[in-house]
Amino acid sequence: GEGSAAMLASWMDTIVSSPTLFATIMWTGIATTALTILGETMALSKLSATETTLIFSSEPLWAAAFANVVLGETMGPSAAAGGALIVGACAWSALGGEGDE
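In this report, we go over the structure that sits alongside the text. (Residues numbered from 1 in each chain as written. Predicted model: local features only at pLDDT ≥ 70, side-chain atom pairs only at ≥ 80, totals over all residues. Heavy atoms only, no water.)

### A look at a nonpolar patch on the surface
Together, Phe22, Met26, Ile30, Leu35, Leu38 and Met42 make up a nonpolar patch on the protein surface, roughly 580 Å² of accessible area in all. Mapped onto the fold, Leu38 is located in helix α2 (residues 19–44). (Patch = residues over 30% accessible without salt bridge, like charges linked within 9 Å, V, L, I, M, F, W, Y side chains within 5 Å. Areas by Shrake-Rupley, 256 points an atom, 1.4 Å probe, with all protein chains shown as cover. Salt bridge = Lys/Arg side-chain N within 4 Å of Asp/Glu carboxyl O. Helix = DSSP H or I, 4+ residues; strand = E, 2+ residues; numbered from the N terminus.)

Here it is in structure tokens:
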């Protein structure tokens, strides 16, 4: 509605009037998002579908390990069970589990 348009216009005025904020948004959008996805896509295009699936499936495990090492986060029982299921599924797939062509 009209209120949303006014709010968006206000945000745009704030962004345009602050070079630091504008640069931060551009850095986040271009460098940390677009270029990262481009690099990831280029790297993953060299892998098979199975290898790519295994990498994406294990991403939550890497995030949990990073959070544990860097931030001191701990995993609860449900997170540990979920991690075990991911590892089991990845191992099953890598070892030629049922349905693998």
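### Quick notes on α2
With 26 residues, α2 ought to run about 38 Å at 1.5 Å a step, and its terminal C-alpha atoms sit 35 Å apart, in line with that. Most pronounced at Trp27, the bend in α2 amounts to some 30 degrees. (Expected span 1.5 Å × (residues − 1). Bend = angle between axes of the 7 residues up to and from the residue.)

### A closer look at the packing of helix α3 (residues 49–57) against helix α5 (residues 77–94)
It is the contact of α3 with α5, at a shortest axis distance of 10 Å, that shows an interaxial angle of 170 degrees. It follows that α3 is roughly antiparallel to α5 by the angle criterion. Together, Thr50, Leu54 and Ser57 of α3 and Ile86, Cys90, Ser93 and Ala94 of α5 make up the contact between the two elements. Counted by class, the contact of α3 with α5 contains 4 nonpolar, 3 polar and no charged residues. (Axes fitted to C-alpha atoms, helices over the stretch in contact; angles between N-to-C directions. Parallel < 35°, antiparallel > 145°, perpendicular 65-115°, else oblique. Contact = heavy atoms within 4.5 Å. Nonpolar A, V, L, I, M, F, W, Y, C, P; charged D, E, K, R; others polar.)

### Comments concerning the packing of helix α1 (residues 2–17) against α2
At their nearest, the axes of α1 and α2 sit 5 Å apart, and the two run at 100 degrees to each other. Of the possible angle classes, the one that applies to α1 and α2 is roughly perpendicular. Facing Thr14, Ile15 and Ser17 of α1, the residues of α2 in contact are Pro19, Leu21, Phe22 and Ile25. For the contact of α1 with α2, the class distribution of residues is 5 nonpolar, 2 polar and no charged.

### Concerning the side chain of Thr52
Checked against the element boundaries, Thr52 lands in helix α3. Taking the relative accessible area as the measure of exposure, Thr52 reaches 15% and is therefore buried. In contact with Thr52, not counting residues within four places along its chain, are Leu44 and Leu47. (Buried < 20%, exposed > 50% of the residue type's maximum accessible area, 1.4 Å probe, protein only.)

### Focus: the environment of Glu51
Relative to the assigned elements, Glu51 resides in helix α3. Taking the C-alpha atoms as reference, Glu51 lies 9.7 Å from Cys90; in sequence the two are 39 residues apart. Within the structure, the side chain of Glu51 is placed 3.0 Å from the backbone nitrogen of Ser48, a separation counted as a polar contact. (Polar contact = N/O pair within 3.5 Å; in protein donor to acceptor, adjacent residues only side chain to side chain.)

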